[in-house]
Amino acid sequence: MVDVIKNTQIHCTYGCKSSKAVQPDVAGKMISKAKRPLFIVGSQILKDEELLKRSIEIAKKADLPVAATGHSMSGLVDQGINAKYINVHALATYLCDPNWTGLDGSGQYDTIVVLGHFKYYIDQVLSGLKSFSKIKSIAIEREYIQNATMSFGNITPAVHIEALDELIDNL
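What comes next is a walk through the structure. (Residues numbered from 1 in each chain as written. Predicted model: local features only at pLDDT ≥ 70, side-chain atom pairs only at ≥ 80, totals over all residues. Heavy atoms only, no water.)

### Examining the overall build of the chain
Okay, step 1: Scanning the chain for helices and strands turns up six helices and seven strands.
Okay, step 2: Ordered by position in the sequence, the α and β elements of the chain form the string β-α-β-α-β-α-β-α-β-α-β-β-α.
Okay, step 3: The globule rule puts the C-alpha radius of gyration for 171 residues at 16 Å, and the 15 Å found for the chain is close to it.
Okay, step 4: A principal-axis box enclosing the C-alpha atoms of the chain has dimensions of 40 × 35 × 30 Å.
Okay, step 5: In the chain, which comprises 171 residues, the share counted as buried stands at 50%.
Okay, step 6: In the chain, the share of contacts with a sequence separation of at least 24, taken over all contacts with a separation of at least 6, comes to 62%. (Helix = DSSP H or I, 4+ residues; strand = E, 2+ residues; numbered from the N terminus. Rg over C-alpha atoms; globule rule 2.2 N^0.38 Å. Buried < 20%, exposed > 50% of the residue type's maximum accessible area, 1.4 Å probe, protein only. Contact = heavy atoms within 4.5 Å.)

Okay, structure coming up:
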């Protein structure tokens, strides 16, 4: 089992709501049990062929709809997954709207999974979701994302790939 929690430090003052560090096997099981999950991928998946491969595998194995942000759509075309392009800030606004019916018109999402974003960027997006929606967020990024509901800890690129493999095995 890959330990993705040990190097994570959570600094918190009274009353703050910060992300809980999560192991890959637990994250995989939670994604599988979600009623209506959405996989949000960013353009950083294109910088590493292994990360792109794992992103596609996660989407296929869990049959997740994919919100492709940035220019990540270029790596997801013709891969046999349900990917649609959307701006991540617009998506965050829509996710906070309880009347939004999702990218496919089938209803609001209950869980989002994020991968391939800059930490400073996705953290701000998740801050809004944390404050204005009831959607659970699971950050399977290489860095700890404090505004997610749950997040991997700060890990090396090699350990990140191992963690993603373990997550995939538990989907």
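### A short note on the sheet that holds strand 7 (residues 150-151)
Okay, step 1: Across the sheet, seven strands lie side by side as 1-7-6-5-2-3-4; this open sheet has parallel pairing. Two strands in the sheet have a free side with no partner beyond their single neighbour: strand 1 (20-21) and strand 4 (83-85).
Okay, step 2: Alignment of strand 2 (residues 37-41) against strand 5 (residues 111-115), held across five bridges, turns out to be parallel. Its bridge partner being in strand 5, F39 is matched across the sheet by V113.
Okay, step 3: In this fold helix 1 (residues 24-33) packs onto strand 2, strand 5, strand 6 (136-139) and strand 7, with an angle of close to 140° to the strand it touches most, strand 6. (Pairing = 2+ DSSP bridges. Axes fitted to C-alpha atoms, helices over the stretch in contact; angles between N-to-C directions.)

### Examining the nonpolar core
Okay, step 1: Core analysis: the biggest nonpolar cluster contains 29 residues, and F39, I58, V66, L76, I140, F152 and L167 have the highest contact counts within it.
Okay, step 2: Of all the elements in the fold, those that place two or more residues in this core are helix 1, strand 2, helix 2 (49-61), strand 3 (66-68), strand 5 and helix 6 (157-169).
Okay, step 3: Considering each element in turn, this core owes the most residues, five residues, to helix 2. (Core = buried A, V, L, I, M, F, W, Y, C linked by side-chain atoms within 4.5 Å.)

### With respect to the pattern of salt bridges
Okay, step 1: As enumerated under the stated definition, the model contains four salt bridges in all.
Okay, step 2: A salt bridge links R54 to E50; its shortest N-O distance comes to 2.4 Å. Remark: E50 and R54 occur in helix 2; sequence separation between them is four residues, near one turn of the helix.
Okay, step 3: In this structure, R142 engages E143 in a salt bridge whose closest nitrogen and oxygen atoms are separated by 3.7 Å.
Okay, step 4: Each of E50, R54 and D165 takes part in salt bridges that share partners, so that together they form one network. (Salt bridge = Lys/Arg side-chain N within 4 Å of Asp/Glu carboxyl O.)

### Points about a nonpolar patch on the surface
Okay, step 1: Side chains of F118, Y120 and Y121 sit close together on the surface and give an oily, nonpolar patch of about 340 Å² of accessible area.
Okay, step 2: Within the secondary structure, Y120 sits in helix 5 (residues 119-132). (Patch = residues over 30% accessible without salt bridge, like charges linked within 9 Å, V, L, I, M, F, W, Y side chains within 5 Å. Areas by Shrake-Rupley, 256 points an atom, 1.4 Å probe, with all protein chains shown as cover.)

### Looking at the packing of aromatic side chains
Okay, step 1: A complete count under the given rule lists three aromatic pairs for this structure.
Okay, step 2: With a centroid separation of 5.4 Å and an interplanar angle of 25°, the aromatic rings of Y94 and W100 are classed as stacked.
Okay, step 3: With a relative accessible area of 37%, Y94 lands in the partly exposed category.
Okay, step 4: Members of the aromatic cluster, each reached through a chain of ring pairs, are Y94, W100 and Y109. (Phe/Tyr/Trp six-rings, centres within 6.5 Å; stacked < 30°, edge-to-face > 60°.)

### Looking at the side chain of S72
Okay, step 1: Within the secondary structure layout, S72 lies in the loop between strand 3 and helix 3 (73-76).
Okay, step 2: Overall, S72 belongs to the buried group, its relative accessible area being 0%.
Okay, step 3: One polar contact links the side chain of S72 to the main-chain carbonyl oxygen of V41, over a distance of 3.3 Å.
Okay, step 4: If we skip the residues at most four places from it in the chain, S72 touches V41, G42, S43, I45 and L46. (Polar contact = N/O pair within 3.5 Å; in protein donor to acceptor, adjacent residues only side chain to side chain.)

Without other data, these values stay purely geometric and don't point to any function.
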